[in-house]
Structure formats: structure tokens, C-alpha cells
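The chain contents come next:
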Amino acid sequence: MNGTVRGAFTCNAEADSPISIFWYQGGVKTVRHSPYTGQLIAAAWDGSTSLYILYQQAKSLKIAKVSDAGSFSAVTVLSTSLAAYTSGDLVASQGKWWAVWHETVGSQAELFQARTLLGTQHRTRITSSAAQDLEPSLAYSGGRLEMAWSRYTADLGAADLWVGRNTGAGWVTKVLATSGTHNNMPDIAGSGGRFYLSWTRDGVINAGDNTSGSWVTRTFSNHGYNPRIAAAAGKVFVSYEAVNLQGKIYVVERSAGRWTGGAVTGIRTGNVGIAAGNGSASIVYYSNSGLSARTQ
């Protein structure tokens, strides 16, 4: 996090929405309007000087770069085969990036990727199944990528949680969670070569990590949605919108093996993301005044 939270946002979901870039540091938010327009899918800072954004414009998927100095790169088109909406994610490191997204192939949603991280690869199909592969989430740490996504039945009636690992040679994937009916809304984060995962199972928040070498997960008692996870300096943070608190954002923290949590005072709106660093977490959320952030 480097003391600063960087990200991007749009004010509405229209196809030609302006995309804005923000920096949040010490309680101060700086916003800069970009020349890019479309539906924002993901944003990722490369740990150095640049923020990458992944967005959809009509049937095209595009990626662009914004430097900390405020310069805007030319746009790279990754695909021109999108439907009206695609889910996807993006990671970046030291001027390189890796993007994943879903496209409709026949009647199935399948995952695709493009990258310059760990070698350059243009649009390539990842999955091929009789199911619907949606909601991919991507993380990079220690020279390795981990991905989580929801594999729905053909009629979207149920979903299992899948995970994959890649060091540049190809994806090794497996199913992680099949209990319940709906395992969806995954979010994955990496820190120190380890990976951390959150998702919902039938509306209940779940989290896990593979710090022991294999995935170990737990289920919380709270119902919620839109979980986001972050980890740094031995701490893990999960934020989500809590159903039993009228949509307030709730944050749980694991420190020294113990979980504690509570509602974020005054926030009763959309959970966008969470970043961790220096022993604390910064929550990015939508409020009546627009996009906001708070560190706690």
C-alpha cells in the first residue's frame, strides 16, 4: 500500500462513463479525470509508479496505464468479443500486468487472459467446460499468481468455488468449495508469497489462506455480500456489507491467530475494496458524497 491507496472509479454504469483516478493518503483524497471512458472492471497498482485499469467499452476490453506523475498511456485492446457485461480482474507488478475476464463462447461463459507479467501472451482461453465460469479474482505475490472464480451450473442455479495457480507455465486448477448451493463473490489477495481468499456461501461470509501450503478455510456467523480481503505484516482483513446491520460495512481482522471485528462507524453504503499496510486497513466505499476511503 506504501501509505497511499490508489484506484479508479466511474460515476455510473453507462458504456461511455468517464473513468476517474484517485489517490487517498492521510485522510486526503485526490481525484484526477482520465481520458478513458467505459465500464471499469478492475484497477491495480504495480508497486512502483503506475496504476493500471481494465475496462470495457462496448464489446471491447481495454487496458491503460496512469503514472503517479499523472500521465495517461495509449490504450491496448485485449479483446473485441465481449457480451454486454464481463467480469474480470487485473494484477500488476513493476510495469507488467496480467488480466483475466470471462467471454461467452456459444452459450457458455469461459475465462480468458492476456499478460505481459511472467512473459507476454495475447488473448488466450483458460477454461473450457459445460459450466459457466464467472467472477474471476486474481492475485500476484512471490512470482506466482493465484486465481479464484465461481463455476456455475449451466442454468446459473448453483456455484462451486474454484482456485488456480500459475508461475508462468500454465494454470493448475482445482475445486475448493462445493458445500451449500452458491459459492460466489470471491476475492483473493497476496502478501509475502502467501494468498488469502474471501467469498460468500449462501450469503454467509467465508475466508481462507494457504499459508500452510494448502487452503485452510473458515466460515463466519455473519451474513453479508461483496466481501473484500487484504493482508500485510501478518494481519488479515476482510470487509463486507453486513445484512444484519442494514448494509453497514463490517470489518474483521485476524491478528496473532485471533479474529475480531466490528462495524465501521458511519458507513452504510457500498463496499468497494480494502487495502492493508503498516498494521492497518483502508476501506474504500461508496457513500452519498461519492467514492470515499477510511483507514482504521
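We now turn to the structure provided with this report. (Residues numbered from 1 in each chain as written. Predicted model: local features only at pLDDT ≥ 70, side-chain atom pairs only at ≥ 80, totals over all residues. Heavy atoms only, no water.)

### Description of the side chain of N166
Phase 1: Of note, N166 is situated in strand β14 (residues 159-166).
Phase 2: For N166, a relative accessible area of 2% corresponds to the buried category.
Phase 3: Here the side chain of N166 touches G168 through a polar contact of 2.6 Å, landing on its backbone nitrogen.
Phase 4: Not counting the four nearest positions on each side in its chain, N166 is found in contact with W98, R144, L145 and W171. (Helix = DSSP H or I, 4+ residues; strand = E, 2+ residues; numbered from the N terminus. Buried < 20%, exposed > 50% of the residue type's maximum accessible area, 1.4 Å probe, protein only. Polar contact = N/O pair within 3.5 Å; in protein donor to acceptor, adjacent residues only side chain to side chain. Contact = heavy atoms within 4.5 Å.)

### Digging into the sheet that holds strand β5 (residues 50-57)
Phase 1: Taking strand neighbours across the sheet as the criterion, the four strands line up as β4-β5-β6-β7 in an open arrangement whose pairing is antiparallel. Single-partner strands in this sheet number two, and they are β4 (39-45) and β7 (76-79). Pairwise comparison of adjacent strand axes, ignoring direction, gives a mean angle of 25 degrees for this sheet.
Phase 2: The pairing of β4 with β5 spans six bridges and is antiparallel. Across the sheet, A42 pairs through a bridge with L54, a residue of β5. (Pairing = 2+ DSSP bridges. Axes fitted to C-alpha atoms, helices over the stretch in contact; angles between N-to-C directions.)

### Overview of the nonpolar core
Phase 1: Within the largest apolar cluster, 15 residues are counted, with the highest numbers of intra-cluster contacts made by L54, I63, L78, L90, W97, A99 and W101.
Phase 2: For this core, the secondary-structure elements that each account for two or more residues are β4, β5, β6 (60-67), β8 (88-93), β9 (96-105) and β10 (108-115).
Phase 3: Counting residues per element, this core draws most heavily on β9, at three residues.
Phase 4: Among the nonpolar cores identified, the runner-up in size contains 14 residues, and A189, V238, Y240 and W259 belong to it. (Core = buried A, V, L, I, M, F, W, Y, C linked by side-chain atoms within 4.5 Å.)

### Observations regarding the pattern of salt bridges
Phase 1: Enumeration over the complete set of coordinates arrives at eight salt bridges.
Phase 2: Among the ionic pairs, E146 bridges to R165, the shortest N-O distance being 2.7 Å. In this pair, E146 sits in strand β13 (residues 144-152) while R165 sits in strand β14, placing the two residues 19 residues apart along the sequence.
Phase 3: According to the relative accessible area criterion, E146 is buried, its value standing at 2%.
Phase 4: R165 sits in the partly exposed class, given a relative accessible area of 34%.
Phase 5: Residue K235 pairs with E253 through a salt bridge whose shortest N-O separation is 3.5 Å. Here K235 is found in strand β20 (residues 235-242), whereas its partner E253 is found in strand β21 (residues 249-255), with 18 residues between them in sequence. (Salt bridge = Lys/Arg side-chain N within 4 Å of Asp/Glu carboxyl O.)

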